[in-house]
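Architecture and fold: a report
Read off the chains here:
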Amino acid sequence: RSNHDTTIPGFIRIVERVRDIYTDGEGGEEETKFDPGYEPDWAVISTVKQSREKERPPVRDTGHWGSFSLPLSELYSLRRARFSLGRNFMVLTSRGGDPLPPLHFHRGGTRELLRAMQRYIRLAPSPVDGRLFLAYPHDSGALSQSFDELQLFDDASSDLVSRFIQDPYATTFGGFSKVTNFFRGALRPPESPLHSRTPSDPHAPHPADDEPGFELITCQGAELGPRPVVNRGQPLDNWEQFLDPEGRITDPQKVKELVFRGGIVPALRKEVWKFLLGFYPWNSTAKEREDIIRVKTDEYFRMKVQWKSVSEEQEMRNSLLRGYRSLIERDVNRTDRQNPFFSGNENPGLKLLHDVLMTYCMYNFDLGYVQGMSDLLAPLLFVTQNEVESFWCLTGFMELVHQNFEESQEAMKQQLLQLSLLLRALDPELCDYLDSQDSGSLCFCFRWLLIWYKREFSFEDILSLWEVLWTRLPCANFHLLMACAILESQRGELIGSNHDFNTILKHINELTMKLDLQTVLLEAEGIYLQLAQCKVRIYVPVLRQPQLL
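Residues numbered from 1 in each chain as written. Predicted model: local features only at pLDDT ≥ 70, side-chain atom pairs only at ≥ 80, totals over all residues. Heavy atoms only, no water.

When you go through the protein residue by residue, the secondary structure sums to 21 helices and ten strands. Relative to all contacts within the protein whose residues are 6 or more apart in sequence, the contacts with residues 24 or more apart total 69%. Just so you have it, the protein exposes about 25700 Å², and 51% of that area is on carbon and sulfur atoms. (Helix = DSSP H or I, 4+ residues; strand = E, 2+ residues; numbered from the N terminus. Contact = heavy atoms within 4.5 Å. Areas by Shrake-Rupley, 256 points an atom, 1.4 Å probe, with all protein chains shown as cover.)

This is the structure in structure tokens:
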């Protein structure tokens with residue numbers, strides 16, 4: 001379907017009501033069947049958008065927007081842009097993270113709308129993206145309080161880039177405001193001569209009371225330099241060299257760096273993974289690890305007995321446990337069945353998969369079992385070939401990703417916002433195009449982030465990828481930089497084709513098993529270095545080993 005067919009004519013208005021000011025939009029409706037492009041159990045895109053109590057969320061019917069209504073007090077940001085075809089469009093985002101439909105202004109009107117909105121709220125421009133504005137109430141007390149809660153600027157302001165890499169959403173997206181017009185100055189260390197610029201300097205930041213006009217749509221932020229070329233290394237293949245006479249790991253950081261650079265040879269994975277996932281402390285001796293195995297084995301089977309001893313009659317009165325068992329049995333029967341370790345109907349690997357997941361429900365009552373956890377366990381069980389060790393490796397893995405599976409899905413929404421921010425810094429044109437096709441939320445990346453690309457790469461590639469990500473090098477959000485690398489690799493296909501929301505989703509889903517892992521890792525690391533070495537010339541404490549720089 002063409003873009004013309006998916007454009008809904010309508011109007012937008014600001015309405016004063018008894019207790020709040022609303023922005024309303026209305027348009028025609030068009031019936032369509034939404035095809036997520038993959039099995040129904042993974043069609044969870046719409047659940048990312050959780051509405052708050054007492055909030056009037058935008059209404060979206062059958063994949064396309066009809067009318068919507070949003071209190072201006074709940075407006076978080078708006079972005080005004082001009083798409084490459086020459087038409088203006090605007091994207092509004094609520095404080096719950098919900099983007100409204102892109103509003104295309106074919107005959108002008110954006111300036112008038114902005115002027116009208118400024119009667120009720122304060123629109124603060126971003127120095128990093130001149131097209132982005134954050135909305136704040138005119139109440140200066142509320143504005144001040146919001147920045148206090150952000151804790152964006154502190155005594156370690158020169159470390160802001162480092163915190164951006166670790167958590168770009170909390171550090172930067174939440175700080176796109178009028179107060180951060182001194183963004184560049186705050187990024188530079190105190191001894192920088194750039195702090196002494198006079199007001200006559202054309203490159204000096206605007207004073208806090210200088211309200212720029214909305215005509216300026218140029219990026220005033222840190223410009224990215226060329227992307228460094230990086231190389232992958234050889235996998236870790238000599239474990240003994242890192243052990244002292246008592247079996248302690250002499251240089252855990254060096255081990256992590258080698259794993260990040262090249263992975264681990266298959267013969268060593270079973271041992272090294274237990275360190276990466278916290279089953280063994282890095283400073284433990286061989287004797288201490290024997291004690292850990294004994295204690296953890298007893299603890300595991302005590303938890304396993306808890307659910308094994310529940311009678312059928314008891315389970316009939318325990319809907320929670322019954323529901324977990326049903327989900328686990330269903331998912332186990334379709335998890336990595338092409339792998340010989342899990343193939344066949346009477347395969348003992350399937351029983352181990354089932355038992356470990358049921359025991360995890362006893363270990364973590366609050367979370368229990370959520371679809372996708374079987375995908376995380378299968379490679380662990382395949383490598384360790386041990387029920388107890390795979391369970392404790394799973395608990396370590398879940399410490400990193402458990403928030404992905406929480407019912408509120410706040411962590412997933414936050415990661416999608418982080419990804420959106422990173423992609424906008426790297427490729428604003430691609431972001432503009434996705435926004436224009438109602439795809440700016442990047443919801444098609446949901447599965448990537450939920451289970452760390454488990455279904456996007458081959459089983460063997462996943463073993464290599466996960467051990468790289470478990471090092472947490474060069475930053476904790478490296479999986480988001482991977483997503484940026486993948487999306488950038490598809491920009492020609494996305495922008496150059498006549499895609500709409502559904503076909504973009506379908507195209508991204510069809511990348512499964514077609515991506516080259518080593519290429520993606522190289523590009524992701526290059527992106528990290530490009531961000532860390534951008535024109536905001538500031539020391540960024542990254543990895544100490546020079547080969548990782």
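Scanning the entire structure with this criterion turns up 22 aromatic pairs. Where Phe341 meets Phe382, the ring centres are 6.2 Å apart and the plane angle is 90°; that geometry is what we call edge-to-face. Taken together, the residues Phe341 in the loop between α10 (319-332) and α11 (348-363) and Phe382 in helix α12 (residues 373-384) connect sequence positions 41 residues apart. Residue Phe341 is classed as buried on the basis of its relative accessible area of 17%. Phe382 gets classed as partly exposed once you look at its relative accessible area, which sits at 27%. Here the aromatic rings of Tyr363 and Phe391 are separated by 5.7 Å at their centres, their planes lie at 90°, and the arrangement is edge-to-face. Note that Tyr363 is positioned in helix α11 and Phe391 in helix α13 (residues 387-401), a separation of 28 residues in sequence. When its relative accessible area of 33% is taken as the criterion, Tyr363 is described as partly exposed. One residue, Arg289, lies across the ring of Tyr280, its end atom 5.8 Å from the ring centre. (Phe/Tyr/Trp six-rings, centres within 6.5 Å; stacked < 30°, edge-to-face > 60°. Buried < 20%, exposed > 50% of the residue type's maximum accessible area, 1.4 Å probe, protein only. Lys NZ or Arg CZ within 6 Å of the ring centre and 35° of its normal.)

Our next topic: the pattern of salt bridges. All chains considered together, the criterion is met by 31 salt bridges. The partner of Arg248 in a salt bridge is Glu246, with the nearest N and O atoms 2.3 Å apart. The class of Arg248 is partly exposed, set by a relative accessible area of 30%. Several salt bridges share partner residues, and in doing so they unite Arg79, Arg424, Asp432 and Asp435 into one network. (Salt bridge = Lys/Arg side-chain N within 4 Å of Asp/Glu carboxyl O.)

Packing of helix α14 (residues 410-426) against helix α15 (residues 428-436) leaves a shortest axis separation of 5 Å and a crossing angle of 125°. Overall, the two elements α14 and α15 adopt an arrangement that is oblique. Each of Ser420, Leu423, Arg424, Ala425 and Leu426 in α14 lies in contact with α15, whose residues at this interface are Pro428, Leu430, Cys431, Asp432, Leu434 and Asp435. (Axes fitted to C-alpha atoms, helices over the stretch in contact; angles between N-to-C directions. Parallel < 35°, antiparallel > 145°, perpendicular 65-115°, else oblique.)

The next subject is the packing of α10 against α11. If you want to describe how two helices pack, look at the angle between their axes and the distance between the axes. Between α10 and α11, whose axes approach to 10 Å, the crossing angle comes to 150°. Between α10 and α11, the crossing angle belongs to the class labelled roughly antiparallel. Both α10 and α11 take part in a crossing whose hand is right-handed. Facing α10, whose interface residues are Leu321, Tyr324, Arg325, Ile328, Glu329 and Val332, α11 presents Leu350, Leu353, His354, Leu357, Met358, Cys361 and Met362. Of the residues assigned to the contact of α10 with α11, the class counts are ten nonpolar, one polar and two charged. (Left-handed = near helix turned anticlockwise from the far one by under 90°. Nonpolar A, V, L, I, M, F, W, Y, C, P; charged D, E, K, R; others polar.)

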